Amino acid sequence: MKRYKKFAIPLFVVVGLAFQGCKSEGKKFSDNATEIAVMTHEAFRLKKGEVASSFRIPGELIANQQVDIYAKVSSFVEKLLVDVGTEVKKGQLLVTLDAPEISSQLAGAESRLKSFEAVYLASKSRYDRVLKTSKTPGTISQNDLDMAFADQQSDLAKWESAKAAYREITDAKNYLEIRAPFSGVITSRNVSAGAYVGPSGRGSEMPLFTLLEQKNLRLVVNVPELYASTLQKGSAVEFTVRSIPGKIFKAEVSRLAGALDDRLRAERVEMDVDNADGELLPKMVAEVMIPVNTDGSSFAIPQSAVLNSTLGMFVIKVENDNSIWVPVSVGRSGGNLIEVFGELTDGDILLKSVSEEIRDKAPVKAEITE
């Protein structure tokens, strides 16, 4: 027993020393953890600003003018003077038609016109003589004078009617020559020489030609309701087409519908496009880049300052060397900036780059860089 007691005291001392050593290591770990938690982060002062951005939307290039050309009167194609791809000027003759019956009708109308003209001139001459004679008292009764005047007016009306009939047939004959209503390019031809054409019957289902104006095009886009207010008359936009990769075309807004359509809830916007070199073609699909600028009344911050977590969207504000997660909602974005809305005030200090490792209400040091 005595021998056992001699070793008891040293063993107790050893255990005590070991306990003290563990306690000292725990303090050191704690100190290191505090050091990591109070790391310095880049920050900035919150202020209002503009966010310049753009959105892409498909559009369509259409001809400024387009017309399907039909025959006005029943006739046969006598001579075709143009074909697909022919560039024509306004008033240029495109095709001549043949309708022999119209020539016969014109000759008959001309004969009737001359006949009624002769009858009118005779009745007018008779009335003039009766009127002159009636100035001698007792020679011509008033009734005879009135009858002569009535005959003259009746013959005049018949002559005017003959004139109208003659003009009608003359106009119909003029329709046998079809001319271009404006300058452009013939894009389709559906008849050949000798074909029957007219307002009814065979040949009338398809137009003779389709004429497009290619020198001036219209770029048509349907702008969604959200962005309808961003475009005004004269606003500049850029667009591209797939057939000419890498080239950016420019246009200005010329016409706005001023209302949303029922189907797409979008506003029709048209832009005039100068196509003097013929590089673009009607019916091309364009990708239009429409600029969107905010009015500067909202807060604009770097996109890296917005924390998108499972709990929602936040920015981290620094107040009294502590982090505060502030819930926000975002608006438009452009470049490196994004609009944010929430319980924020001008001059708040926000962290520039955030992550979920920076916990809410944790100690933090902020170094303001801008």
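Computed from a prediction, not measured in an experiment: that's the story for all the values here.

Draft legend 1. Spotlight on the overall build of the chain. Helix and strand counts for the chain come out as three helices and 22 strands. Each of the 370 residues in the chain was classed as buried or not, and the buried ones make up 33%. Here the analysis covers contacts within the chain between residues at least 6 apart in sequence; of these, 75% occur between residues at least 24 apart. Per element, the accessible surface of the chain, about 23,200 Å² overall, is 53% carbon and sulfur.

Draft legend 2. Looking closely at the sheet that holds strand β3 (residues 66–69). The antiparallel open sheet is built from four strands, whose spatial order is β3-β10-β8-β5. Edge positions in the open sheet fall to β3 and β5 (87–88), since each of these has one partner strand only. Bridging between strand β8 (residues 184–189) and strand β10 (residues 209–212) involves four bridges; their strand directions are antiparallel. Counted as the bridge partner of Arg189 is Phe209 from β10.

Draft legend 3. Just the environment of Gln92, in detail. Mapped onto the elements of the fold, Gln92 is located in the loop between β5 and β6 (93–98). Counting along the chain gives eleven residues from Gln92 to Leu81, while the straight-line C-alpha distance between them is 9.6 Å. Leaving out residues up to four positions away in the same chain, Gln92 has contacts with Val82, Glu87, Ile178, Arg179 and Ala180. There is a polar contact of 3.1 Å between the side chain of Gln92 and the backbone nitrogen of Lys89.

Draft legend 4. Broad picture of the sheet that holds β6. Pairing within the open sheet is antiparallel, and its four strands lie in the order β7-β6-β4-β9. If you trace the sheet from one side to the other, it starts and ends with β7 (177–179) and β9 (196–197), each paired once. Where strand β4 (residues 75–80) lies against β9, two bridges are found, and the strand directions are antiparallel. Bridge pairing links Phe76 to Tyr196 in β9.

Draft legend 5. Expanded view of the side chain of Ser188. Among the secondary structure elements, Ser188 is positioned in strand β8. Of the polar contacts made by the side chain of Ser188, one reaches the side chain of Thr210; its length is 2.8 Å. Those residues within four positions of Ser188 in sequence are excluded, and the remaining contacts are Val84, Leu208, Phe209 and Thr210.

Draft legend 6. Broad picture of the packing of helix α2 (residues 100–133) against helix α3 (residues 142–174). Where α2 contacts α3, the axes come no closer than 8 Å and their chain directions differ by 160°. As the angle between them shows, α2 and α3 are arranged roughly antiparallel. At the point where α2 passes α3, the crossing takes the left-handed sense. Looking at the contact of α2 with α3 residue by residue, the class counts come to 20 nonpolar, five polar and eleven charged.

Draft legend 7. Structural view of the pattern of salt bridges. In this structure the tally under the stated criterion is twelve salt bridges. With its nearest N and O atoms 3.9 Å apart, the salt bridge here joins Lys114 to Glu110. With a gap of four residues between them, Lys114 and Glu110 both fall in helix α2, about one helical turn apart. Judged by its relative accessible area of 52%, Lys114 is exposed. Connected via shared salt-bridge partners are Arg218, Arg255, Arg268, Glu270 and Asp272.

Draft legend 8. Just the packing of aromatic side chains, in detail. Tallied over the full model, the rule gives five aromatic pairs. Ring plane angle 20° and centroid distance 5.4 Å describe the contact between Tyr120 and Trp159, whose orientation is recorded as stacked. Of this pair, Tyr120 sits in helix α2 while Trp159 sits in helix α3, placing them 39 residues apart in sequence. Taking NZ or CZ as reference, Lys163 lies 3.9 Å from the ring centre of Trp159, over its face.

Draft legend 9. Molecular detail of the side chain of Ser123. Relative to the helices and strands, Ser123 is located in helix α2. The exposure class of Ser123 is buried, given its relative accessible area of 2%. Here the side chain of Ser123 touches Tyr120 through a polar contact of 2.9 Å, landing on its backbone oxygen.

Draft legend 10. Region of interest: the nonpolar core. The biggest cluster of nonpolar side chains holds 25 residues, and the ones touching the most others in it are Leu97, Leu208 and Phe209. For this core, the secondary structure elements donating two or more residues are β6, α2, α3 and β10. Discounting residues that sit within four places of it in the chain, Leu97 has contacts with Ala71, Ser75, Phe76, Val77, Glu78, Tyr175, Leu176, Ile178 and Val197. The next biggest cluster of nonpolar side chains, apart from the first, holds 24 residues, and it includes Ile57, Val223, Phe239 and Val241.

Draft legend 11. Local environment of α2. Along its 34 residues, α2 runs 51 Å from first to last C-alpha, staying within 8% of the 50 Å computed at 1.5 Å per residue. Taken as a whole, α2 has its buried residues at Ile102, Leu106, Ala109, Leu113, Tyr120, Ser123, Tyr127 and Val130. Its buried side turned inward, α2 meets α3.

Draft legend 12. Representation of α3 in the model. An ideal rise of 1.5 Å per residue puts 48 Å on 33 residues; α3 measures up with 48 Å between its terminal C-alpha atoms. Among all positions in α3, only Leu145, Ala148, Gln152, Asp155, Trp159, Ala162, Ile169 and Ala172 are buried. Summarising the contacts, the buried residues of α3 are in contact with α2.

Thresholds applied
Residues numbered from 1 in each chain as written. Predicted model: local features only at pLDDT ≥ 70, side-chain atom pairs only at ≥ 80, totals over all residues. Heavy atoms only, no water. Helix = DSSP H or I, 4+ residues; strand = E, 2+ residues; numbered from the N terminus. Buried < 20%, exposed > 50% of the residue type's maximum accessible area, 1.4 Å probe, protein only. Contact = heavy atoms within 4.5 Å. Areas by Shrake-Rupley, 256 points an atom, 1.4 Å probe, with all protein chains shown as cover. Pairing = 2+ DSSP bridges. Polar contact = N/O pair within 3.5 Å; in protein donor to acceptor, adjacent residues only side chain to side chain. Axes fitted to C-alpha atoms, helices over the stretch in contact; angles between N-to-C directions. Parallel < 35°, antiparallel > 145°, perpendicular 65-115°, else oblique. Left-handed = near helix turned anticlockwise from the far one by under 90°. Nonpolar A, V, L, I, M, F, W, Y, C, P; charged D, E, K, R; others polar. Salt bridge = Lys/Arg side-chain N within 4 Å of Asp/Glu carboxyl O. Phe/Tyr/Trp six-rings, centres within 6.5 Å; stacked < 30°, edge-to-face > 60°. Lys NZ or Arg CZ within 6 Å of the ring centre and 35° of its normal. Core = buried A, V, L, I, M, F, W, Y, C linked by side-chain atoms within 4.5 Å. Expected span 1.5 Å × (residues − 1).

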